[in-house]
Amino acid sequence: MVNPIYYLTDKLEFPPVHTANEEGLLAAGGDLSVERLQLAYKSGIFPWFDDDRLPLWWSPDPRMVLFPQELKVSKSMRKLLRDEAFTVTKNKNFEEVIHRCATVPRDGQPGTWITQNMQNAYIELHKKGFAHSYEVWLDNQLVGGLYGIDLGTVFCGESMFSDVSNASKYGFITMVQEMQANNYKLIDCQVYTQHLESLGAREIDRDYFMEFIE
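Predicted model only: the values in this text are computed from it and were never measured.

> Could you clarify how one ought to interpret helix α4 (residues 116–127) in this entry?
In an α-helix, one full turn covers 3.6 residues, which means residues spaced three or four apart are oriented alike. Helix length check: α4, at twelve residues, gives a terminal C-alpha distance of 17 Å against a target of 16 Å (1.5 Å per residue), a fit within 8%. The set of residues buried in α4 consists of Met 118, Gln 119, Ala 121, Tyr 122, Ile 123 and Leu 125. Residues of α4 that are buried sit in contact with α1 (34–42), β3 (46–47), α3 (94–103), β7 (131–138), β8 (141–150) and β9 (154–162). Immediately downstream of α4, the backbone of Gly 129 shows phi near 80 degrees, a positive value.

> Explanation requested: the nonpolar core in the structure shown.
Across soluble globular proteins, nonpolar side chains show a tendency to be buried alongside one another. Core analysis: the largest hydrophobic core is formed by 46 residues, its most contacted members being Leu 37, Trp 57, Ile 114, Tyr 122, Leu 125, Tyr 147 and Ile 149. In contact with Ile 149, other than residues within four places in its own chain, are Tyr 41, Tyr 122, Leu 125, Phe 130, Ala 131, Val 154, Phe 155 and Cys 156. Of all hydrophobic cores here, the second largest spans 25 residues; its members include Val 136, Val 143, Ala 167 and Met 179.

> Explain the environment of Leu 71 here, please?
Summarising the element assignment, Leu 71 is placed in the loop between β5 (63–66) and α2 (75–82). Exposure remark for Leu 71: the relative accessible area of 15% places this residue in the buried category. Along the backbone, Leu 71 and Ala 121 are 50 residues apart, and their C-alpha atoms lie at a distance of 30 Å. With sequence-adjacent residues up to four places away left out, Leu 71 is seen in contact with Leu 66, Phe 172, Ile 173, Val 176, Gln 177, Gln 180 and Leu 199.

> I'm lost on the sheet that holds β7 in this one. Help?
Strands in a sheet are paired, the pairing made by backbone hydrogen bonds, and the direction either parallel or antiparallel. What the seven strands build is an open sheet, ordered β6-β7-β8-β9-β10-β5-β11; its pairing is mixed. The strands lining the two open edges of the sheet, one partner per strand, are β6 (87–90) and β11 (202–204). Neighbour-to-neighbour, the strand axes of this sheet turn through a mean angle of 35 degrees, independent of strand direction. Pairing geometry for β5 and β11, over three bridges, is antiparallel. Paired with Met 64 across the two strands is Glu 203, which belongs to β11.

> Sorry if this is basic, but what is going on with the side chain of Thr 89 here?
For Thr 89, the location among the structural elements is in strand β6. A relative accessible area of 19% places Thr 89 in the buried class. For Thr 89, the side chain forms a polar contact with the side chain of Glu 135, separated by 2.6 Å. Side chain to side chain, Thr 89 and Trp 137 meet in a polar contact 2.8 Å long. The residues touching Thr 89, leaving out its near neighbours within four places in the chain, are Ser 133, Tyr 134, Glu 135 and Trp 137.

> Any chance you could explain the side chain of Arg 63 here in plain terms?
Here Arg 63 lies in strand β5. For Arg 63, the side chain forms a polar contact with the side chain of Asp 188, separated by 2.8 Å. Dropping the residues within four chain positions of it, Arg 63 is found in contact with Gly 44, Phe 46, Asp 188, Gln 190, Arg 202, Glu 203, Ile 204 and Phe 209.

Cut-offs and rules
- Residues numbered from 1 in each chain as written.
- Predicted model: local features only at pLDDT ≥ 70, side-chain atom pairs only at ≥ 80, totals over all residues.
- Heavy atoms only, no water.
- Helix = DSSP H or I, 4+ residues; strand = E, 2+ residues; numbered from the N terminus.
- Expected span 1.5 Å × (residues − 1).
- Buried < 20%, exposed > 50% of the residue type's maximum accessible area, 1.4 Å probe, protein only.
- Contact = heavy atoms within 4.5 Å.
- Core = buried A, V, L, I, M, F, W, Y, C linked by side-chain atoms within 4.5 Å.
- Pairing = 2+ DSSP bridges.
- Axes fitted to C-alpha atoms, helices over the stretch in contact; angles between N-to-C directions.
- Polar contact = N/O pair within 3.5 Å; in protein donor to acceptor, adjacent residues only side chain to side chain.

Here's what the structure looks like:
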């Protein structure tokens, strides 16, 4: 049986995540207000779409996550970290990071899901201390970065970019090491990629993921 898609109204609510369809699509419609986005992430839901006219909301099962203590660092990356090949900062230039994540060319992707409205919404989240960026610098040039939503002990990664080989990976590893030190329980990577798996991420059941969110 195919689950029907729930259409959101102006009311600030989402249906239960277990009502998502097989692909993880839970609901359509609504807006990208700070309040709705906060509720979404606190409910194990994230927006992902390429048309601002109809936001789509997802809660996939299984869920790709990284337990900070399971981070895998390759021998070549360990050398780069020892050599301090890059400089990493936090929240120094959120707007530029999300803009670069939206515009960097990606293999097999003709466009971007980080629309201008999406950028504006996350910039507002950042101003309220809910979204964070990590910037990667080489010779005072921004060459990589990532951003996401901070729920306190869970960090929901959204996107990353890299202009130089290993820059975004360097930033990601630095971020995870910071979260290890601060006793974060989980990093939400949303959906499977080979790149994330190589760093130690794995898929878990949505019900198990929700235990960390709740």
